[in-house]
Amino acid sequence: MNLLLVEDDPELGRQVGGWMNDAGHQLWWEKTATTAQEWLKKNSCDVLVLDVGLPDTNGFTLVEKMRREGVNTPVLFLTARADVSDRVRGLAAGGDDYLTKPFAFEELLARLEALHRRVNNPVPTHRNLGNCRLDLVKRRVSFGNESVELQPREWCLLEVLMNHEGRVLPKKFLLEQVWDIHFDPGTNVVDAMVCRLRRKLEVPGCGMQIETIRGKGYVFKTLA
Amino acid sequence: MFSKLWPEKLPSPWRLALLMVLVVFVSILLILIFVRIAVTQDMRVTHRGRISDNLMEYAVLYTQSDLAGVKKVFQATPHPISRNAMRLTTSYGQVIYEDIPGYMKSYDWPKQTVKSLLEKGDMDLMEIMSSDQSQRLYLGAIRLWDGNTLWLGRTDSQARNQLDNIERHLWFAGLTAALIAFLPVMWYMNDVLRPIHSFIRSAERMRLPGNNTRLRTTGAIPELRALASVVNAGLDQIQALTRELQTTNDFLAHELRTPLARIRGNLEHFHDQTDNEQAREAAARSLEEIDRATQLVQTLLTIRAGDHAALRLHRQVTSLDDLLENLVELFIPAAEDRRLSLKLEPGLSLTLNVDRELLTQAVSNLLDNALAYTRAGGQVVVRSHGEGTGAVITVDDTGVGLHPAEVESIWERYTRGSAARPKISGMGLGLSLVRSIAMAHGGNAGGQNREGGGATFWIYIPGA
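1. Regarding the overall build of chain A
Inference 1: Secondary structure summary: chain A contains eight helices and eleven strands in total.
Inference 2: Residue burial in chain A is summarised as follows: out of 224 residues, 40% are buried.
Inference 3: Intrachain contacts of chain A at a sequence separation of at least 6 include 55% that bridge at least 24 residues.

Laid out in structure tokens, this is it:
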């Protein structure tokens, strides 16, 4: 992916730059809205990562201006503002996703990949993993002739994990994507749900596995 | 009896109108009484004067042309309202001639005058009442040249007619004045009462968070305008403070979150790169702590804003049933792991205009508490019911319950109930956040022990 990061904090900029290089993505880094606009006039990128509190212009205003000019590049806001009203404002301004600081690197990567995929790739209809078949349209999992009953939320959780295969997804990200909850509800609700899903998929010969990584989150892996 | 006529709830225009009616009525009555006394006195003097004038004239006529002349003149005199009566008696009271209209005969005509008439031209004036006539008979007698006495009588019917006439006009004037007296009532309603009602309506709107209504004073009296400007100045000040609080909250959030993000980034990098198992374990624990600290910053800022009515609500029309159903569904696996039964009791479907996310967070805090303080095998039930245009959400558990002395104190910040076990982590912010959120919606939250064990917590959200 070609990415443009607009971020005035030097330390965060450095970190994101390092990560993206490690992940094999090309990243340009601008520190103000003005220089970012100039860069966008000459170049183009797959996804734009934008801080809201920039020294010159507000990130929301920049996106509004971009959208008026007909630039359709997906935008992810990276911001310290966690209020619902700010999130709504950001999405209304034309942003595509919203991530609050502090954030897990893999969550940022997962979101960027999802934005990139949404634009570029058609959604597959089914997947075969080992002797297990996942029907993505009918939302069903089957092993040979036996099908596993999944609750709608369980399916939703599996789908999110699967869409970001190999990425360690933090609890916060899963709560947002599956339950539309933007805070930590305290009780180990996600852990309990993941355990339940894991138990249901624990069938010999099943080609998938959900792993818990302490301090970081959950990861979906296919056993090749 | 008077207090019944003057109930506490009687609206002030009615009070004023009632007072006005009373004042007008009493003044008309007083005026009538005084006018009647004055007019009656005047009339009496007039009657006496007329009778003595007439007696002198008739006495002169009698001297010149005897009884025949007197009779002729008496009968020729026009009597517009009531005829006069005439009688001629000897000095001993024997009647020589009389011409008395029928209705005047019922009066008890005296044989002798009260004062003895000794000389020619001596006069006596009397007033006679009758039992079957309402009018008063004025009577005068004069001693003539031959010693006989000439009597003249007339009733006061004319005077009474005049008095009635005057009274009629007075009533008319009084009632007109009463109508004019209602002008102050109208003024009061327009310039005093209307602005007060508008104040009440504005004040009601002010209760809603984020509302910057002010008292409006078009057409109000100067005193009310002064009151409104003082109140408005106070409100402006409060609003300015609220805005400042919101700005500092944004600033604080930014200033705390950015360094946390830097630390987290580096720590995560370290976690991923290190080959040392123990170091990675330590980094994982630190990452968890950073996430907890971030949540804490957010919670503290929300409570702080909520306490000062500076919480920005993102209200949306929300189905309460869906909200509760989703939450209960989220908590069920965790409840089952603890061998608890978690149920949503179906109620009427309710729709509220609320900040969906904050209300979800409030209810989720109650569920978090209920799960933490209920022992295995227990039961947690979530209910909701309408209250006016709003709703009450309750979470009942069969847990350890509340210590009676702590029913209120647990809502304070950083206070944890004595039932809180050390292994249950928490800062004691959960319930104060619940209350802050409820209050930011104009509602409230509370909790008490249930009969038969366990506690019940409720959130009341009024309709908006």
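2. Structural notes on the overall build of chain B
Inference 1: Looking only at helices and strands, chain B has nine helices and twelve strands in total.
Inference 2: For chain B, buried positions account for 28% of its 464 residues.
Inference 3: By sequence separation, contacts in chain B at least 24 residues apart represent 64% of the contacts at least 6 residues apart.

3. Thoughts on the sheet that holds strand β2 (residues 95–99) of chain B
All names here are of chain B.
Inference 1: Reading across the sheet, the five strands line up as β2-β1-β5-β4-β3 and stay open at both edges, with antiparallel pairing between neighbours. At either margin of the open sheet sits one strand with a lone partner, and together these are β2 and β3 (123–129). When the angles between neighbouring strand axes are averaged without regard to direction, this sheet yields 15°.
Inference 2: Note that strand β1 (residues 85–89) and β2 share four bridges and pair antiparallel. Note that in β2 the partner of Met 86 across the bridge is Asp 99.

4. Brief notes about the pairing of strand β11 (residues 217–222) of chain A
Residue and element names in this part refer to chain A.
Inference 1: Here strand β10 (residues 208–213) runs beside β11; their pairing, made up of six bridges, is antiparallel. For Ile 213, the partnering residue across the bridge sits in β11 and is Gly 217.
Inference 2: Taken together, β10 and the strand that follows it, β11, pair antiparallel across an intervening segment of three residues, in which Gly 215 is found at a positive phi of about 80°.

5. Focus on the pairing of strand β5 (residues 97–100) of chain A
All names here are of chain A.
Inference 1: Along β5, the buried face is formed by Tyr 98 and Thr 100; none of Asp 97 and Leu 99, which line the opposite face, is buried.
Inference 2: Two strands pair when backbone bridges link them, and strand β4 (residues 75–79) and β5 are joined in this way by four bridges, in the parallel orientation. Across the sheet, the residue bridging to Leu 76 is Asp 97, located in β5.
Inference 3: Considered for its hand, the β-α-β crossover made up of β4, helix α4 (residues 84–92) and β5 is right-handed.

6. Side note on the environment of Gln 135 of chain B
Residue and element names in this part refer to chain B.
Inference 1: With respect to the element layout, Gln 135 can be found in the loop between β3 and β4 (136–143).
Inference 2: Measuring from C-alpha to C-alpha, the distance between Gln 135 and Gln 158 comes to 10.0 Å, with 23 residues separating the pair along the chain.
Inference 3: With near-sequence residues (within four places) excluded, Gln 135 lies in contact with Thr 155, Asp 156, Ser 157 and Arg 160.

7. A word on the interface of chain B and chain A
Inference 1: Contacts between chain B and chain A engage 38 residues on the former and 34 residues on the latter.
Inference 2: Where the side of chain B that touches chain A is concerned, the elements lending two or more residues are α5 (222–273), α6 (277–307), α7 (320–337) and α8 (356–373) of chain B.
Inference 3: Take the side of chain B that touches chain A: its biggest share by element is 13 residues, from α5 of chain B.
Inference 4: When grouped by side-chain class, the residues that make up the side of chain B that touches chain A number twelve nonpolar, 13 polar and 13 charged.

8. Comments concerning the packing of helix α8 (residues 189–200) of chain A against α7 of chain B
Inference 1: Packing of α8 of chain A against α7 of chain B leaves a shortest axis separation of 8 Å and a crossing angle of 80°. When the interaxial angle is binned, α8 of chain A and α7 of chain B end up roughly perpendicular. Seen from α8 of chain A, the contacting residues are Val 189, Ala 192, Met 193 and Arg 196 of chain A; seen from α7 of chain B, they are Leu 330, Phe 331, Pro 333, Ala 334 and Asp 337 of chain B.
Inference 2: Across the contact of α8 of chain A with α7 of chain B, the residue classes tally to seven nonpolar, no polar and two charged.

9. Side note on the sheet that holds strand β7 (residues 132–135) of chain A
Residue and element names in this part refer to chain A.
Inference 1: Overall, antiparallel pairing links the four strands, which are arranged β6-β7-β8-β9 in an open sheet. What marks the edges here is a single partner per strand, and that holds for β6 (126–129) and β9 (146–148). Pairwise comparison of adjacent strand axes, ignoring direction, gives a mean angle of 25° for this sheet.
Inference 2: Sheet analysis places β6 next to β7, joined by four bridges and oriented antiparallel.

10. Digging into the nonpolar core
If you look at soluble globular proteins, the nonpolar side chains tend to sit buried side by side.
Inference 1: In terms of nonpolar packing, the biggest core is built from 108 residues, with Leu 50 of chain A together with Phe 331 of chain B touching the most fellow members.
Inference 2: In terms of residue count, α8 of chain B provides more of this core than any other element does, ten residues in total.
Inference 3: Excluding residues within four positions of it along the chain, Leu 50 of chain A makes contact with Val 6, Gly 59, Leu 62, Val 63, Val 75, Leu 76, Phe 77 and Leu 78 of chain A.
Inference 4: Residues Ile 51, Leu 55, Met 104 and Tyr 107 of chain B belong to the second largest nonpolar core, which totals 19 residues.

11. Some points on α7 of chain B
Residues and elements named next belong to chain B.
Inference 1: Helix length check: α7, at 18 residues, gives a terminal C-alpha distance of 26 Å against a target of 26 Å (1.5 Å per residue), a fit within 8%.
Inference 2: The largest bend in α7 is about 35°, located at Phe 331, with the proline Pro 333 one to four residues further on.
Inference 3: By the burial criterion, the buried members of α7 are Leu 320, Leu 323, Leu 324, Leu 327, Leu 330, Phe 331, Ile 332, Pro 333, Ala 334 and Ala 335.
Inference 4: At the C-terminal side of α7, Arg 339 shows a positive phi close to 55°.

12. Thoughts on unusual backbone geometry
Inference 1: Looking along the chain, the bond that leaves Lys 101 of chain A and enters Pro 102 of chain A is cis, with omega of -5°.
Inference 2: Turning to its location among the elements, Pro 102 of chain A is positioned in the loop between β5 and α5 (105–120).
Inference 3: Unlike most non-glycine residues, Asp 180 of chain A shows phi in positive territory, near 60°.
Inference 4: Its location among the elements puts Asp 180 of chain A in the loop between α7 (171–179) and α8.
Inference 5: For Asp 180 of chain A, a count of 11 C-beta atoms within 10 Å corresponds to the exposed category.
Inference 6: Even without being glycine, Arg 339 of chain B reaches a positive phi, approximately 55°.

13. Re the environment of Ala 335 of chain B
Inference 1: One can find Ala 335 of chain B in helix α7.
Inference 2: Here Ala 335 of chain B is in contact with Leu 340, Leu 342, Leu 371 and Val 380 of chain B, once residues within four sequence places are set aside.

14. Quick look at the confidence of the model for chain B
Inference 1: Overall, the predicted model of chain B reaches an average pLDDT of 85, with 93% of residues at or above 70.
Inference 2: Scored as a whole, the predicted complex attains pTM 0.67, and scored at its interfaces, ipTM 0.86.

15. A short note on the packing of α6 of chain B against helix α9 (residues 430–440) of chain B
Residue and element names in this part refer to chain B.
Inference 1: Two numbers describe how α6 lies on α9: the axes approach to 9 Å, and their chain directions differ by 40°. On the basis of their axis angle, the class for α6 and α9 is oblique. Crossing angle aside, the handedness with which α6 passes α9 is left-handed. Where α6 abuts α9, its residues Thr 299, Thr 302, Ile 303, Gly 306 and Asp 307 lie against Ser 432, Leu 433, Ser 436, Ile 437, Met 439 and Ala 440.

16. Concerning the environment of Leu 371 of chain B
Inference 1: Structurally, the position occupied by Leu 371 of chain B is in helix α8.
Inference 2: Counting along the chain gives 40 residues from Leu 371 of chain B to Phe 331 of chain B, while the straight-line C-alpha distance between them is 8.9 Å.
Inference 3: In this view, Leu 371 of chain B contacts Thr 187 of chain A together with Phe 331, Ala 334, Ala 335, Arg 338, Leu 340 and Val 380 of chain B; residues no more than four positions away in its chain are not counted.

Cut-off values and rules
- Residues numbered from 1 in each chain as written.
- Chains lettered and ligands numbered in written order.
- Predicted model: local features only at pLDDT ≥ 70, side-chain atom pairs only at ≥ 80, totals over all residues.
- Helix = DSSP H or I, 4+ residues; strand = E, 2+ residues; numbered from the N terminus.
- Buried ≥ 20, exposed ≤ 12 C-beta atoms within 10 Å, placed from the backbone.
- Contact = placed C-beta atoms within 7 Å.
- Pairing = 2+ DSSP bridges.
- Axes fitted to C-alpha atoms, helices over the stretch in contact; angles between N-to-C directions.
- Right-handed = clockwise from strand over helix to strand, strands pointing away.
- Nonpolar A, V, L, I, M, F, W, Y, C, P; charged D, E, K, R; others polar.
- Parallel < 35°, antiparallel > 145°, perpendicular 65-115°, else oblique.
- Core = buried A, V, L, I, M, F, W, Y, C linked by C-beta atoms within 7 Å.
- Expected span 1.5 Å × (residues − 1).
- Bend = angle between axes of the 7 residues up to and from the residue.
- pLDDT = per-residue confidence, 0-100.
- Left-handed = near helix turned anticlockwise from the far one by under 90°.

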